[in-house]
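# Notes for the structure review
Spelled out, the chains give:
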Amino acid sequence: MRKKIVAGNWKMNKSFEEADELISDIQDGLEKITLDRNTLLIVCPPFPYLEMASDYSSESYFLVGAQDVSANDNGAYTGEVSASMLQSMELPYCIVGHSERRAYHHETDELIARKVDQLLSHDIKPIMCCGEVLAEREAGQQFDVVRRQITDGLFHLDNDQIQNVVIAYEPVWAIGTGKTATPEQAQEIHAFIRQLLAEKYSAKVADTISILYGGSCKPSNARQLFANPDVDGGLIGGACLNADDFLAIAQSF
Ligand code: 13P
């Protein structure tokens, strides 16, 4: 049975003190609720707060992930953070290919594929983001865009490697806009992604891979989104900056 996952992408938010408070609130909140045994909760704060989050997580029920990684090995790359550094902190997950990195940092599918390789070779599971922008959706190109992102970003992986990847479908027009994809729109693309995986690998392999939805997911719509057979959870932006909302989403399966 594939994992249900709710991952919180803090993006570039919170001071050190605020981060401490939020993680501590998540830890306290988790004491009061019972998550399904098959549900993973992942907190992805900015790099400077990873160590603090990891310390908390060692005494709690959540895991910690980074928001990005370098495509390069250690060396003269000012400002970058390598997969081996994340591995040395024993981080289990890392987001790659987020639409904000594609848009503002000009990340290509080829670069994202190298980041995926860096992570997997350091025993870190990538959460690989894909999704179309509004103009592409309006032109009916969402399937082509997602196919290209998945094919070029992931399909060089072998049968074992792909099973260590989490995919997040985040339609860019739904990110931070309050405009959520309808449950039908989410299910349609998630089923399409799983079909791509089944064709490239096998139905059995495709069935093991968690596919998350991201884009204005909140406590009020999470249950409807997660009720779909191919939606295995969410990658949460704005709503993960509040512990109660984040935990409410984690209980929406
Ligand atoms: P919002 O939940 O704020 O729309 O952000 C989604 C996202 O980009 C998560 O990676």
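Everything here concerns the structure above.
Since this is a predicted model, take the numbers as computed values, not measurements.

### Brief notes about the packing of helix α5 (residues 109-121) against helix α7 (residues 142-154)
Relative to each other, α5 and α7 sit at 45°, their axes nearing to 7 Å. By the criterion of interaxial angle, the relationship of α5 to α7 is oblique. Crossing of α5 over α7 shows right-handed handedness. Contacts between α5 and α7 involve D109, A113 and V116 from the former and R148, Q149, D152, G153 and L154 from the latter. A breakdown of the residues in the contact of α5 with α7 according to their chemical character gives three nonpolar, two polar and three charged.

### Regarding helix α12 (residues 243-250)
Where α12 is concerned, the buried positions are A243, F246, L247, I249 and A250. Along the axis of α12, the buried positions cluster into a sector of 155°, meaning they face one direction only. Of the surrounding elements, those touching the buried residues of α12 are β1 (4-9), α1 (16-32), β2 (39-44), α11 (219-226) and β8 (233-236). At the N-terminal end of α12, a side-chain oxygen is found 3.0 Å from the backbone nitrogen of D244, two or three residues along, and the residue is N242.

What counts, and where the lines are drawn
- Residues numbered from 1 in each chain as written.
- Predicted model: local features only at pLDDT ≥ 70, side-chain atom pairs only at ≥ 80, totals over all residues.
- Heavy atoms only, no water.
- Axes fitted to C-alpha atoms, helices over the stretch in contact; angles between N-to-C directions.
- Helix = DSSP H or I, 4+ residues; strand = E, 2+ residues; numbered from the N terminus.
- Parallel < 35°, antiparallel > 145°, perpendicular 65-115°, else oblique.
- Left-handed = near helix turned anticlockwise from the far one by under 90°.
- Contact = heavy atoms within 4.5 Å.
- Nonpolar A, V, L, I, M, F, W, Y, C, P; charged D, E, K, R; others polar.
- Buried < 20%, exposed > 50% of the residue type's maximum accessible area, 1.4 Å probe, protein only.
- Arc of directions from axis to C-beta.
- Polar contact = N/O pair within 3.5 Å; in protein donor to acceptor, adjacent residues only side chain to side chain.

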